[in-house]
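A look at the structure
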Amino acid sequence: MSDRPLPTETPPEPAAEQGDRFAALYPSEEGIRAQVARRQRVATGWRVAFLAATSLAVVILSTLLLSIINQSFGLVAEQTDIPEAQLVADHYKSQVLGATNVLLATEDDADIAAGIAADANGIGLLGYAVYADNGAALQALSVDGVAPTAETVATGTYPLTRPLLLYSSAAILSDKPQVAAFLLYTLQHAEEVMSELGAFPADATALAEQAAALATTLGLDPAAPIDPAAYEGDIVISGSSTLNPVTREIARRFRGEGFQGAIKISSVGTVAGFEAFCAESADLVDASRPITTVETAACAANNLTPLSVQVGLDPVVVAVNSANTFAADVNGEQLAALFTTATNWSEVVAGWPADAIHRFLPTTDSGTMDVFVNTVFGGRTLADLPYDALVQIFKANVTAGRCRAIEAEQRFYADSFVCDTEEAFTARCQSDAAPTGCVLEPRDKGSLVALIQADVVNPVVQQAWFLAESLFRREEIMAEARQAYPTADVHFRRWLTLDFLTRPQSSQPELAGVRTAILGSLWVVAIGILVGFPVGVGAAIYLEEYADKRRRFNRFIQTNINNLAGVPSIIYGLLGLTVFVRVLEPITSGAVFGVGDATTANGRTILSAGLTLALLILPVIIISAQEAIKAVPSSLREASLGLGATKWQTIWNHVVPNAIGGIMTGVILAMSRIIGETAPLVVVGASTFITTDPTGPFSKFTTLPTQIFQWTSRPQQTFLLIAGAAIIVLLVLLFILNAFAIYLRNRYARRIG
Amino acid sequence: MTTLAHDPSGGPFAIEAQALNIYYGSFRAVKDINLRFSTHKITALIGPSGCGKSTVLRAFNRMNDLIPISRTEGTVLFHGKNIYDADVDPVQVRRRVGMVFQKPNPFPKTIYENVAWGARINGFKGNKADMDALVEESLRDAAVWDDVKDKLFQSGLSLSGGQQQRLCIARAIATRPELILMDEPASALDPISTLRIEELIQDLKKNYTILIVTHNMQQAARASDYTAFFNMDTDRAGYLVEYGQTDQVFTSPKSEMTEQYITGRFG
Ligand SMILES: Nc1ncnc2c1ncn2[C@@H]1O[C@H](COP(=O)(O)OP(=O)(O)OP(=O)(O)O)[C@@H](O)[C@H]1O
Ligand SMILES: [Mg+2]
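Residues numbered from 1 in each chain as written. Chains lettered and ligands numbered in written order. Predicted model: local features only at pLDDT ≥ 70, side-chain atom pairs only at ≥ 80, totals over all residues. Heavy atoms only, no water.

1. Overview of the overall build of chain B
- Looking only at helices and strands, one finds 10 helices and 10 strands in chain B.
- Rg of the C-alpha trace for chain B: 18 Å, near the compact-globule value of 18 Å for 267 residues, within the 12% margin.
- When the accessible surface of chain B is totalled, it reaches about 10,900 Å², and 49% of it is carbon and sulfur.
- A distance of 4 Å separates the average location of the 30 positive side-chain charges in chain B from that of its 31 negative side-chain charges. (Helix = DSSP H or I, 4+ residues; strand = E, 2+ residues; numbered from the N terminus. Rg over C-alpha atoms; globule rule 2.2 N^0.38 Å. Areas by Shrake-Rupley, 256 points an atom, 1.4 Å probe, with all protein chains shown as cover. Lys, Arg positive; Asp, Glu negative; His and termini not counted. Charge placed at Lys NZ, Arg CZ, Asp CG, Glu CD.)

2. Concerning empty space enclosed by the protein
All names here are of chain A.
- The final tally for this structure, using the stated rule, is seven cavities of 30 Å³ or more.
- Its volume calculated, the largest cavity comes out at about 60 Å³.
- As for the largest cavity, its lining consists of 13 residues, of which Glu107, Ser241, Ser366, Gly367 and Thr368 are closest to the centre.
- Classifying every residue of the lining of the largest cavity by side-chain character gives one nonpolar, nine polar and three charged.
- Residue assignment places the lining of the largest cavity across two domains, with domain 1 (99–152 + 318–348 + 356–378) and domain 2 (161–314) each supplying three or more. (1 Å grid on protein atoms, 1.4 Å probe; cavity = no way out; pocket = protein on both sides within 12 Å on 5 of 7 lines; lining within 4 Å. Points joined across faces, edges and corners; volume = space filled by probe spheres on them. Nonpolar A, V, L, I, M, F, W, Y, C, P; charged D, E, K, R; others polar. Domains from an automatic or database assignment.)

3. Focus on the sheet that holds strand β14 (residues 460–464) of chain A
All names here are of chain A.
- Strand order across the open sheet formed by three strands is β14-β1-β15, with antiparallel pairing between neighbours. Edge positions in the sheet fall to β14 and β15 (489–494), since each of these pairs with one other strand and no more. Mean inter-strand twist for the sheet, computed between neighbouring axes without regard to direction, equals 40°.
- For strand β1 (residues 73–79) and β15, the ladder comprises six bridges, and the chain directions are antiparallel. Within β15, the position partnered with Leu75 by the bridge is Phe492.
- Seen against the sheet, helix α20 (residues 474–484) touches β1 and β15 and runs at an angle of roughly 15° to β1. (Pairing = 2+ DSSP bridges. Axes fitted to C-alpha atoms, helices over the stretch in contact; angles between N-to-C directions. Contact = heavy atoms within 4.5 Å.)

4. Examining the nonpolar core
- Core analysis: the biggest nonpolar cluster contains 76 residues, and Trp495, Phe500, Val514, Leu704 and Trp711 of chain A have the highest contact counts within it.
- If near-sequence neighbours (up to four positions away) are discounted, Trp495 of chain A is found in contact with Gln71, Ser72, Phe73, Val76, Val461, Ala464, Phe500, Thr718, Leu721, Ile722 and Ala725 of chain A. (Core = buried A, V, L, I, M, F, W, Y, C linked by side-chain atoms within 4.5 Å. Buried < 20%, exposed > 50% of the residue type's maximum accessible area, 1.4 Å probe, protein only.)

5. Details of a nonpolar patch on the surface
- A surface patch of nonpolar side chains, about 670 Å² in accessible area, is lined by Leu575, Val579, Val583, Leu584, Ile587, Val592, Phe593 and Val595 of chain A.
- Tracing the chain through its elements places Leu584 of chain A in the loop between α24 (569–583) and α25 (585–588). (Patch = residues over 30% accessible without salt bridge, like charges linked within 9 Å, V, L, I, M, F, W, Y side chains within 5 Å. Salt bridge = Lys/Arg side-chain N within 4 Å of Asp/Glu carboxyl O.)

6. Some thoughts on the site of ligand 1
Residue and element names in this part refer to chain B.
- Neighbouring residues of ligand 1: 14 residues in total, closest Ser49, Lys53, Ser54, Thr55 and His215.
- One of the side-chain nitrogen or oxygen atoms of Ser49 is found 2.5 Å away from an oxygen atom of ligand 1.
- Between ligand 1 and His215, the relevant distance is 2.6 Å, taken from an oxygen atom to a side-chain nitrogen or oxygen of the residue.
- Protein chains shield 66% of the accessible area of ligand 1, which is 630 Å² for the free molecule.
- Contributions of two or more residues to the shell around ligand 1 are made by β2 (27–38) and α1 (53–59).
- In terms of residue count, the dominant contributor to the shell around ligand 1 is α1 (three residues).
- Considering only residue class, the shell around ligand 1 consists of six nonpolar, six polar and two charged. (Near = heavy atom within 4 Å. Polar contact = N/O pair within 3.5 Å; in protein donor to acceptor, adjacent residues only side chain to side chain.)

7. Overview of the interface of chain A and chain B
- Of the residues lining the interface, 21 residues belong to chain A; the matching set on chain B comes to 32 residues.
- Joining chain A to chain B, the criterion identifies one salt bridge.
- Put simply, Glu638 of chain A and Arg58 of chain B hold a salt bridge, and the shortest N to O gap is 3.3 Å.
- Summed over the shared surface of chain A and chain B, the result is six residue pairs in polar contact (both at pLDDT 80 or more).
- Of all the elements in the fold, those that place two or more residues in the side of chain A that touches chain B are α27 (634–642) and α28 (647–675) of chain A.
- In terms of residue count, α27 of chain A provides more of the side of chain A that touches chain B than any other element does, seven residues in total.
- Residue classes in the side of chain A that touches chain B are distributed as eight nonpolar, 10 polar and three charged.

8. With respect to helix α18 (residues 445–457) of chain A
All names here are of chain A.
- Among the residues making up α18, those that are buried are Leu448, Val449, Leu451, Ile452, Gln453, Val456 and Val457.
- For α18, the elements touching its buried residues are α3 (84–97), α15 (387–397) and α16 (400–409).
- Backbone geometry just downstream of α18 places Asn458 in the positive-phi region, at approximately 45°.

9. What to know about the packing of aromatic side chains
All names here are of chain A.
- Within the structure shown, the criterion is met by 23 aromatic pairs over all chains.
- Pairing Phe254 with Phe259 gives two aromatic rings, centres 4.9 Å apart and planes at 45°, and the pair type is tilted. Phe259 carries the same exposure label as Phe254, and that label is buried.
- Summarising the aromatic geometry, the rings of Phe339 and Phe372 are spaced 4.9 Å apart at their centres and angled 65° between planes, so their arrangement reads as edge-to-face. Here Phe339 is found in helix α13 (residues 332–341), whereas its partner Phe372 is found in helix α14 (residues 367–376), with 33 residues between them in sequence.
- Overall, Phe372 belongs to the buried group, its relative accessible area being 0%.
- Above the ring of Phe412, the side-chain terminus of Arg443 is found at 5.7 Å from the ring centroid.
- The residue whose ring lies beneath Lys647 is Tyr546, and the NZ or CZ to ring-centre distance is 5.3 Å. (Phe/Tyr/Trp six-rings, centres within 6.5 Å; stacked < 30°, edge-to-face > 60°. Lys NZ or Arg CZ within 6 Å of the ring centre and 35° of its normal.)

10. Describing unusual backbone geometry
All names here are of chain A.
- A positive phi is found at Asn303, a non-glycine position, where the angle reads about 60°.
- The residue Asn303 is located in the loop between α12 (293–301) and β11 (306–321) in this model.
- What makes Asn303 exposed here is its relative accessible area of 69%.
- At Asn458, a position not held by glycine, the phi torsion is positive, near 45°.

11. Quick notes on the domain arrangement of chain A
Residues and elements named next belong to chain A.
- Per the domain assignment, the segments of chain A are domain 1 (99–152 + 318–348 + 356–378), domain 2 (161–314) and domain 3 (515–752).
- For domain 1 versus domain 2, the distance between C-alpha centres works out to 28 Å.
- Considering only the surface of domain 1 that becomes buried against domain 2, Glu107, Tyr128 and Asp365 emerge as the three largest contributors, covering 37% of it.
- A salt bridge links Arg289 to Asp370, with the shortest nitrogen-to-oxygen separation between them at 2.4 Å.
- Run the count over domain 1 and domain 2 and you get three residue pairs in polar contact (both at pLDDT 80 or more).
- Element by element, the count of residues in the side of domain 1 that touches domain 2 is highest for α14, at four residues.
- Looking at the side of domain 1 that touches domain 2 residue by residue, the classes come out as three nonpolar, four polar and four charged. (Buried area = accessible area lost by both parts, 1.4 Å probe.)

Printed below as a string of structure tokens:
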């Protein structure tokens, strides 16, 4: 078949002249080098420009992030009507004092000691000094294996230790030099006197530093000892019985060194001491605990700014009768039982006798009780208290009218009334304007705690400082705040807390949270994606695979979709308002399904908002899905069709799986867009203030960005701070949703790969 | 040139084109094609680039339908029925007329799934074991079994070009078509792979009617029973110049043009 000769001609030589002509049009060898170098310089220039653009973006984004973080943490001066900790402590104090067999409750440690000494089943709480005086008749229990000794107290390992303090005010110290002298003298002699009395002085250097600081503020020579003979006038001291023997001994020496005036010392307990001080009837307070904000507030009413020095430490002793052979060491839980729930010893520890516990206690007002409750029940919050106790706290701290109004809103108990009466409540429910309490289930504990926090604790942030200043100007801010808000508690606060995530909206920024908004956002975005995704991908498949692009009508539709992607979102909001909220109201309100929310019964629901957002993202999803479908090579379609597959089999088995990565990228972009969308939702009717969680597509709602927008438009600074925290929540939410979508995309893409 | 109605072989015909004219928009790509293909024979379609070989080949399983601007006039008789009749579903046609493309195009799925998918969508009723057997046999028939038997569940894209093409052949024969259209199946392959594909095509002849487009004269001469030579007319439309037994076309072509083309003097 191929015996014919192969072609013999050689290929024609390229015409030399022509080759030269074109070669001459290129630069010479040297020129080529220069030309390549020039092109490389241009390339480098562009690379630098792109690097600069990237760096700029990174800088801007990190500045944004830092400024948000800066806003979300920092010092605050927080004012409360009654601190939550005090409500909790009061509850436990009443538990302790209300326990069975409280044989004695007194201010006087000596009486407590005597009581325990005389009762084999006695147990009690008292200061170390008095315990030491009655050493033979009493024995001290160790707590968590630590007995109260000089060493364990000084190192702070014995848990029931409290500071011993002396309080005065700058005004008193400057008005009455004799008081200032006595205070300084006390600091100078505390170590010696307290050691002699068997009490626990503060660290020697700490005492010396405090003395030096005080002397400097008073304009005295820090190095020179006080000469009592140089002073005259009265000194009135009031307060803790624990510190009383020390003060007495110091006063004796003060007089002994020639003081001419009178020193009046009364042992009335720390609480009464502060009361006297703030009422301007005492110059110095012997205190066995720091002053509370409530007491500070009382002092502030008389223009007194308290000032304190610490002279010593005092362990509270848990003492039992020396004849008690079984109890030696207790832990926190057993302590709680010993002083509250248990009636017999055997209820505390199984092997102990079944005899009744006889309790000898200090009073509510004593520092001993404070330190005991704070140590044993410290760290508990209102949420740890039983429901009944919370009801009592609420009732005790609000007006009767407020309490009735709250009960009308939602009852405390299903079968009884706390502030209202049965008849009055029934009558109210029969009137036209029946309150919601007539139909609602009784409150739960969470809502009651929230109520107490809002009505009783009532925290108000007087001022807040951003993170940067809080870190770098801490001391100045502290001083500033003490000056401007003497009764406020200055502490470091994270605005982004677990509480912030789980609490509903509130008109008090200190108590407001984003739970309602997070749930609203999730619902709305879910509906938007669930509707927008299938419709958008379906449309993209139709436009790419079925529609004949040569037809003018299809090109017109395509152009319109491209344009819709650029329409401002507010227009979609208006469309949603007209179509979903108004025209389709029976459907979007849930009325036709009979499931609508009776309290709203209009179309401003999650469903309307979700559908509006679905419209908003349709163009984005369609366009990105179209691009992804276009990118599937036609050779794949031919391979599939060539095997006898139908068009649909080809699309479903080959086109969509190969395009899914790109399609999902579009969905992720769409989700990122709608999760931050505000304007259309405001138009469609996101609630401005809503505290109830959405329960379904027909609920009223708010979303995170809406909430942030509303908070930022409030005048109070605190709302700006929680808006910052909410922005972080929004970013994290977005991050989580995107990560989930990307995970799905990768998983699916791997499966088809 | 006048149209030649060839009937070189006699015997039963697998498919027949009558007065076939194919247009892309207003451009007529091929004109007045009359061709019959004998059952269980290999027919090579040769001709210079752009003369419409692929266009004609694709007319036999209505692949040109996928090109929106294309239009086909004339008749293609398959089992006595014009496949371009309005009541014919192109899917039915493609089910029975398989195709192997110039560029290997395995699915981005596993090797196993590449072969099994066609069977599955076409109603293969066997159980898992039957499917396994079908996949293995198809891969063996396509002479690629030894290359892939240890990695059946890796992606088809992980194979070499030659292996991919044989996989595509396995995919095509797994559905048991009557006809296999091959458009330059070895053009992207090295000489060794090309030879293997040629041997493979010889083996397949037992069961299938094969139409193969090729630019490789040796290949056409070696591997085919019949050869159809196309050329481009002055209006750039392709037409059939000569059709006959391969030996005859290569040793004593009737047309001067054929002779020039196969000796490499033009094209
Ligand atoms: N999709 C298309 N749209 C428009 N014109 C096309 C299209 N496909 C092919 N053509 C034209 O039809 C003519 C025949 O093309 P075809 O691909 O059938 O040639 P061929 O013989 O297969 O060439 P080759 O040997 O290079 O593959 C060419 O002029 C080509 O430009
Ligand atoms: Mg071709």
